[in-house]
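Listed here are the chains, written in short residue letters.
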Amino acid sequence: MRGIRLEWLATEVLHGLPSDEARATVQDLLVEVAGHPDWWPEPGGEEIAEAFGPRCWVSFVAYLDEVEARDVGWAG
């Protein structure tokens, strides 16, 4: 698995989610994204990609060995 970094907005949204279950669901998606570099956009932090879970999504950029979550969302 590669590294995960949270941008300030993603951190604030994650902390503001309505429950521990919601936070865990988003964190699980982040771990899944980090484990699949074939889902990542070109490294360098310029191209944004998104991944979707059953009730959440993450918007992220890629660097050589990690992804940075720029934003997360919850639709639960």
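Right above here is the structure, for reference.
Residues numbered from 1 in each chain as written. Predicted model: local features only at pLDDT ≥ 70, side-chain atom pairs only at ≥ 80, totals over all residues. Heavy atoms only, no water.

A. Just the overall build of the chain, in detail. From N to C terminus, the chain includes 2 helices and 4 strands. For the chain, the succession of helices and strands along the chain, N to C, is β-α-α-β-β-β. Scaling as 2.2 N^0.38, a compact globule of 76 residues should have a C-alpha radius of gyration of about 11 Å, and the chain matches this with 11 Å. By its C-alpha atoms, the chain is 30 × 20 × 15 Å across when sized along the principal axes. Sequence-distant contacts in the chain: of pairs separated by 6 or more residues, those separated by 24 or more amount to 47%. Working note: accessible area of the chain is about 4500 Å², and carbon and sulfur atoms make up 50% of it. Looking at charge distribution, the chain has the averaged site of its 5 positive side-chain charges lying 4 Å from that of its 15 negative ones. (Helix = DSSP H or I, 4+ residues; strand = E, 2+ residues; numbered from the N terminus. Rg over C-alpha atoms; globule rule 2.2 N^0.38 Å. Contact = heavy atoms within 4.5 Å. Areas by Shrake-Rupley, 256 points an atom, 1.4 Å probe, with all protein chains shown as cover. Lys, Arg positive; Asp, Glu negative; His and termini not counted. Charge placed at Lys NZ, Arg CZ, Asp CG, Glu CD.)

B. Region of interest: the nonpolar core. Among the nonpolar cores identified, the biggest contains 19 residues, and Val-26, Val-33, Val-58 and Phe-60 are the most heavily contacted of them. Contributions of two or more residues to this core are made by α1 (8-16), α2 (20-34), β2 (49-52), β3 (56-62) and β4 (66-74). It is α2 that provides the largest number of residues to this core, a total of 6 residues. (Core = buried A, V, L, I, M, F, W, Y, C linked by side-chain atoms within 4.5 Å. Buried < 20%, exposed > 50% of the residue type's maximum accessible area, 1.4 Å probe, protein only.)

C. Representation of the pattern of salt bridges. Per the counting criterion, the structure on display carries 5 salt bridges. As a salt-bridge pair, Glu-68 and Arg-70 come within 2.6 Å of each other at their nearest N and O atoms. What makes Arg-70 partly exposed here is its relative accessible area of 25%. (Salt bridge = Lys/Arg side-chain N within 4 Å of Asp/Glu carboxyl O.)

D. Spatial organisation of the sheet that holds β4. Spatially, β1-β4-β3-β2 is the arrangement adopted by the 4 strands of the open sheet, whose pairing is mixed. The strands lining the two open edges of the sheet, one partner per strand, are β1 (3-6) and β2. Neighbouring strand axes in the sheet, compared pairwise and without regard to direction, differ in orientation by 35° on average. Sheet analysis places β3 next to β4, joined by 7 bridges and oriented antiparallel. Bridge assignment links Cys-56 to a residue of β4, and that residue is Trp-74. (Pairing = 2+ DSSP bridges. Axes fitted to C-alpha atoms, helices over the stretch in contact; angles between N-to-C directions.)

E. α2, seen in detail. Over its 15 residues, α2 runs 21 Å from end to end, which matches the ideal 21 Å to within 8%, given 1.5 Å per residue. Of the positions making up α2, those classed as buried are Ala-22, Thr-25, Val-26, Leu-29, Leu-30, Val-33 and Ala-34. Packed against the buried residues of α2 are β1, α1, β2, β3 and β4. (Expected span 1.5 Å × (residues − 1).)

F. Up close: the side chain of Ser-59. With respect to the helices and strands, Ser-59 occurs in strand β3. A residue is classified by how much of its surface remains accessible, and Ser-59, at 8% relative accessible area, is buried. Once residues lying within four places of it in the same chain are set aside, the contact partners of Ser-59 are Ile-48, Ala-49, Glu-50, Glu-68, Ala-69, Arg-70 and Asp-71.

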